[in-house]
Amino acid sequence: MHVGFLGLGAIGTPMAAHLARRGPLTVWNRTAARATEFAARHRAVAVATPREAAAADVVITCLGNSSDVVSLLDGPDGLLAGLRRGALFLDCTSGDPASSRRIAERLAERGVAFADAPVSGGTNGAETGTLTVMVGGDAATFARARPVIEAFGRRIEHVGPVGAGDALKAVNNALLAINILAAGEAMATVTKAGVPPRLALEVLNASSGRSFVTEVLVPERVLTGTWPRTFRLALLDKDVGIATELLAQTGVSGPVIELAHALLAAARAELGDAADYLDPIRLTERQAGVEIRG
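Residues take numbers from 1 onward in each chain, read along the sequence in its written order. pLDDT decides what is reported in this predicted model: residues at 70 or higher carry local features, side-chain atom pairs at 80 or more are listed and counted, and totals for whole chains, interfaces and linings draw on all residues regardless. Based on all heavy atoms of the structure, the side-chain values leave hydrogens and waters out of the count.

The relative placement of two packed helices is expressed as an angle between their axes plus a distance between the axes. All axes here are fitted lines through C-alpha atoms, helices being fitted over the stretch that makes contact, and every angle between N-to-C directions spans 0 to 180 degrees. Elements are defined by DSSP. Helices are runs of H or I of four residues or more, strands are runs of E of two residues or more, and each kind is numbered from the N terminus. Where helix H9 (residues 164-192) meets helix H14 (residues 279-288), the closest approach of the two axes is 9 Å, and the angle between their N-to-C directions is 30 degrees. Between H9 and H14, the angle is such that the two are roughly parallel. In this structure, H9 meets H14 at a crossing whose hand is right-handed. Residues Ile180, Leu181, Gly184, Glu185, Ala188 and Lys192 of H9 form the contact with H14, whose participating residues are Pro280, Ile281, Thr284 and Ala288. Grouping the amino acids of the contact of H9 with H14 by side-chain chemistry returns six nonpolar, two polar and two charged. Roughly parallel covers angles under 35 degrees, roughly antiparallel covers those over 145, roughly perpendicular covers 65 to 115, and oblique covers all other angles. Should the near helix be turned counterclockwise from the far one by less than a right angle, the crossing is left-handed, whereas a clockwise turn marks it as right-handed. In this description, contact between two residues means that some pair of their heavy atoms is separated by no more than 4.5 Å. When residues are sorted by character, Ala, Val, Leu, Ile, Met, Phe, Trp, Tyr, Cys and Pro go into the nonpolar class, Asp, Glu, Lys and Arg into the charged class, and all the rest, Gly among them, into the polar class.

In structure tokens form, the structure reads like this:
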């Protein structure tokens, strides 16, 4: 199948590279030079407009948010001008459920199937083709989408109707944010209490307080003081914001998620949109007057 891929960011680029090894691929990116460079390195064709990228059997978007996807739909060079009846549209953006449902309705009018398919696993999962993909849509659309998603995903789950994938991804990232904030506070506390950070982490990871943050992120990045830039704090803040909106929509009381969103927003205001999602731990270190190293 011919795939059109839009959005060559940190996650999208390796996803598109896996697809390029499977068959014909057309790529588009807001920064045209990035698409041109990608096409030169892979068996792909770079195009100048979303309309050209949409002239494919399967169209995949991997952008910053749902608003970015919506902004590409209309106009003479927009996606809707290029989509073919019978095409499949997969949105791998970490979007919001309501926007995905509206997009799906517009595409259905043109005979185009839609699924929201946000991914989890970070840049490492994207590069190794082992992403977790949460697909929202009907069963027939999921069956069509799965062979395409298998190019970059390992755990591929049909989680419900359109919007369900976005909802699950937002809640997942809310838990990630909570774990980051709590791990920073916990590690700063035990370090100041006299426990060597690496020893403290080894004990925590053999106990009930462990998480992906303590098992992977803290030892690889915090203890080493390397602080790579892999996922922007602004994007995590956006995702947790979607989770807080879901609380209101579902009528669920969520003070912990709401507090995490407030703390992320404060960290983002202080650190800027270019900050990495683990940088709130650096703020905790600064406020506590301690470095968590081992």
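There is more to say after this.
Cavity: a set of points on a 1 Å grid over the protein atoms alone where a 1.4 Å probe fits but cannot get out. Pocket: an open set with protein on both sides within 12 Å along at least five of seven lines, its lining residues, like those of a cavity, having an atom within 4 Å of a point. Grid points are joined across faces, edges and corners, and a volume is the space filled by probe spheres set on the points. One number sums up the size of the largest pocket: a volume of about 1200 Å³. Along the walls of the largest pocket sit 47 residues, with Ile11, Gly122, Thr123, Thr230 and Phe231 positioned nearest its centre. Looking at the lining of the largest pocket, the elements with two or more residues in it are strand S7 (119-120), helix H7 (122-128), H9, helix H11 (212-222) and helix H12 (233-250). Counted by class, the lining of the largest pocket contains 20 nonpolar, 16 polar and 11 charged residues.

Here, a salt bridge means any side-chain nitrogen of Lys or Arg that lies within 4 Å of a carboxyl oxygen of Asp or Glu. Scanning the entire structure with this criterion turns up 12 salt bridges. Between Arg41 and Glu37 there is a salt bridge; the shortest N-O distance is 3.9 Å. Separated by four residues within a single helix, Arg41 and Glu37 lie in helix H2 (residues 32-41), roughly one turn from each other. The buried label applies to any residue whose accessible area, calculated with a 1.4 Å probe on protein chains only, is under 20% of its type's maximum; exposed applies above 50%, and partly exposed to all values in between. By relative accessible area, Glu37 is classed as partly exposed at 48%. As a salt-bridge pair, Glu150 and Arg146 come within 3.4 Å of each other at their nearest N and O atoms. Residue classification places Glu150 among the partly exposed residues on the basis of a relative accessible area of 39%. Among the ionic contacts, a cluster of salt bridges with common partners joins Arg229, Asp279 and Arg282.

Contact pair H9 / helix H10 (residues 197-204): the axes reach a minimum separation of 9 Å and the direction vectors enclose 125 degrees. Regarding the angle of H9 to H10, the classification is oblique. Handedness of the H9/H10 crossing: right-handed. For the pair H9 and H10, contact is made by Met187, Val190 and Thr191 and by Pro197, Ala200, Leu201 and Leu204, respectively. Broken down by class, the residue content of the contact of H9 with H10 amounts to six nonpolar, one polar and no charged.

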